[in-house]
Amino acid sequence: MLEDQLNKLKAKIVGYAFHVESMINKSIKGLMDKDSDLLNEVMKHDEKSANKLEMNIDKNCVVIIAQYSPLAVNLRTILMIMKMNNDLERMADHCVNISRCALDLIDEPNQTKILTSIHIISEQVNKMLKDSINSFIENDINLAKDVCSRDKIVDDAKNNLMTELIGVMHEDKSMINVSMQFIDITRNLERIADLTTNIAEDVVFAIDGEVIKHHKKNKINETGINVGEGSQPSLSNDDDKLEGSQPSQSENVDNVGEGSQPSQSNDDDKLEGSQPSQSENVDNVGEGS
């Protein structure tokens, strides 16, 4: 039965999400504790398991679609699981990237303040992943939308930390390599948060068909006034600029033929002077060159 197959598929994708969550925890713990064994476990063992899970789930989705031709909510659920599957695989790759950077930092002196900031970001990312999966399990649209709203918190934390790291590099050139590794770790965590947001957005779509991706921050109201952030010109101002810079259609028509472009009559005169008439061509047939 289709329902049984969907339940099995949901269980597999949830298990995959837990596996990726474990990879995030291991990579950050390995960074904090300078544990090379834990970091290598993420890179050499956990990634292979993640890839196998991803391929297995993808295959199951294709088989279910082929056998049962699901419609409406069931089809949206399967499509969402396929996208979630891809997002989780990419998260696993980011965990591997974090582990590689952490290995490069093992022999470097501890940077307690920076590590604390990274740990805080990782906790926020982990909570987003947990809640996005819970929203999927419980069909909770409100929780999914709440996850989406938290993406900006991670973005702001990443930007603040990167600004701090850039300042460190300016002050101490010997810290450039270390700071770049921390920047890479921060970027990978932020990308995991983005992918988690993708999952939450797909949960909303799977439940009621609502698409909440690519929403605009700035909106134009009915009067043409920009009601978003105030740096962009209003629609009415744009119209005024267009009126001032472009000639009207009637002006374009009046100007045709003026200035540098030759008129049609001049072109006809040139043709008359340079090309023989049809009768002349006939008379010249057979005459010598």
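Residues numbered from 1 in each chain as written. Predicted model: local features only at pLDDT ≥ 70, side-chain atom pairs only at ≥ 80, totals over all residues. Heavy atoms only, no water.

## Describing the overall build of the protein
- Summing up its helical and strand segments, the protein has 11 helices and 0 strands in all.
- The secondary structure elements of the protein, listed N-terminal to C-terminal, are α-α-α-α-α-α-α-α-α-α-α.
- Here the protein holds 289 residues, and 36% of them are scored as buried.
- Expressed as a percentage of contacts within the protein between residues at least 6 apart in sequence, the contacts between residues at least 24 apart total 76%.
- Accessible surface, the protein: about 17300 Å² in total, of which carbon and sulfur atoms supply 50%. (Helix = DSSP H or I, 4+ residues; strand = E, 2+ residues; numbered from the N terminus. Buried < 20%, exposed > 50% of the residue type's maximum accessible area, 1.4 Å probe, protein only. Contact = heavy atoms within 4.5 Å. Areas by Shrake-Rupley, 256 points an atom, 1.4 Å probe, with all protein chains shown as cover.)

## Describing empty space enclosed by the protein
- Tallied over the full model, the rule gives 1 cavity of 30 Å³ or more.
- In this model, the largest cavity occupies a volume close to 80 Å³.
- Together, Leu-31, Lys-34, Ala-102, Leu-105, Ile-106, Glu-108, Pro-109, Asn-110, Gln-111, Leu-115, Val-178 and Phe-182 line the largest cavity.
- Class assignment of the residues belonging to the lining of the largest cavity gives a composition of 8 nonpolar, 2 polar and 2 charged. (1 Å grid on protein atoms, 1.4 Å probe; cavity = no way out; pocket = protein on both sides within 12 Å on 5 of 7 lines; lining within 4 Å. Points joined across faces, edges and corners; volume = space filled by probe spheres on them. Nonpolar A, V, L, I, M, F, W, Y, C, P; charged D, E, K, R; others polar.)

## As for the confidence of the model for the protein
- The pLDDT averaged across the protein works out to 81; a share of 74% of its residues lies at or above 70.
- Considering only residues more than four positions removed or in separate chains, one finds that residues 216-289, a stretch of pLDDT under 50, has 24 contacts. (pLDDT = per-residue confidence, 0-100.)

## Here we look at the environment of Arg-150
- Topologically, Arg-150 is positioned in the loop between helix H5 (141-149) and helix H6 (151-171).
- For Arg-150, a relative accessible area of 16% translates into the label buried.
- For the pair Arg-150 and Ala-193, spaced 43 residues apart in sequence, the C-alpha separation works out to 8.9 Å.
- Setting aside chain neighbours within four positions, we find Arg-150 in contact with Lys-127, Met-128, Asp-131 and Leu-143.

## Quick look at the packing of helix H1 (residues 2-33) against helix H2 (residues 36-68)
- Relative to each other, H1 and H2 sit at 165°, their axes nearing to 10 Å. Taken as axis vectors, H1 and H2 run roughly antiparallel relative to one another. Along this stretch, H1 crosses H2, giving a crossing that reads as left-handed. (Axes fitted to C-alpha atoms, helices over the stretch in contact; angles between N-to-C directions. Parallel < 35°, antiparallel > 145°, perpendicular 65-115°, else oblique. Left-handed = near helix turned anticlockwise from the far one by under 90°.)

## So, the pattern of salt bridges
- What the rule picks out here adds up to 12 salt bridges.
- Arg-150 serves as the salt-bridge partner of Asp-131, at 2.7 Å between the closest nitrogen and oxygen. Placement of the pair is Asp-131 in helix H4 (residues 112-138) and Arg-150 in the loop between H5 and H6, with a sequence separation of 19 residues.
- The salt bridge partner of Asp-146 is Arg-150, with a shortest N-O separation of 2.8 Å.
- With a relative accessible area of 34%, Asp-146 lands in the partly exposed category. (Salt bridge = Lys/Arg side-chain N within 4 Å of Asp/Glu carboxyl O.)

## Examining the packing of aromatic side chains
- This model, assessed by the stated rule, comprises 0 aromatic pairs.
- The residue whose ring lies beneath Arg-76 is Phe-205, and the NZ or CZ to ring-centre distance is 6.0 Å. (Phe/Tyr/Trp six-rings, centres within 6.5 Å; stacked < 30°, edge-to-face > 60°. Lys NZ or Arg CZ within 6 Å of the ring centre and 35° of its normal.)

## Focus on the layout of surface pockets
- The volume enclosed by the second largest pocket comes to roughly 200 Å³.
- Considering the residues around the second largest pocket, the lining is formed by 13 residues, among which Lys-10, Val-73, Thr-77, Asn-139 and Ala-206 are closest to the centre.
- The set of elements that each furnish at least two residues to the lining of the second largest pocket consists of H1, helix H3 (72-104) and helix H7 (176-208).
- For the lining of the second largest pocket, the per-class residue count stands at 7 nonpolar, 4 polar and 2 charged.

## With respect to the nonpolar core
- Residues Ile-13, Leu-88, Ile-118, Phe-182 and Ile-185 are the most contacted members of the largest nonpolar core, which totals 65 residues.
- When contributions to this core are tallied by element, the ones reaching two or more residues are H1, H2, H3, H4, H5, H6 and H7.
- Leave out the neighbours within four places in its chain, and Ile-118 touches Ile-28, Leu-31, Leu-161, Phe-182, Ile-185, Thr-186 and Leu-189. (Core = buried A, V, L, I, M, F, W, Y, C linked by side-chain atoms within 4.5 Å.)

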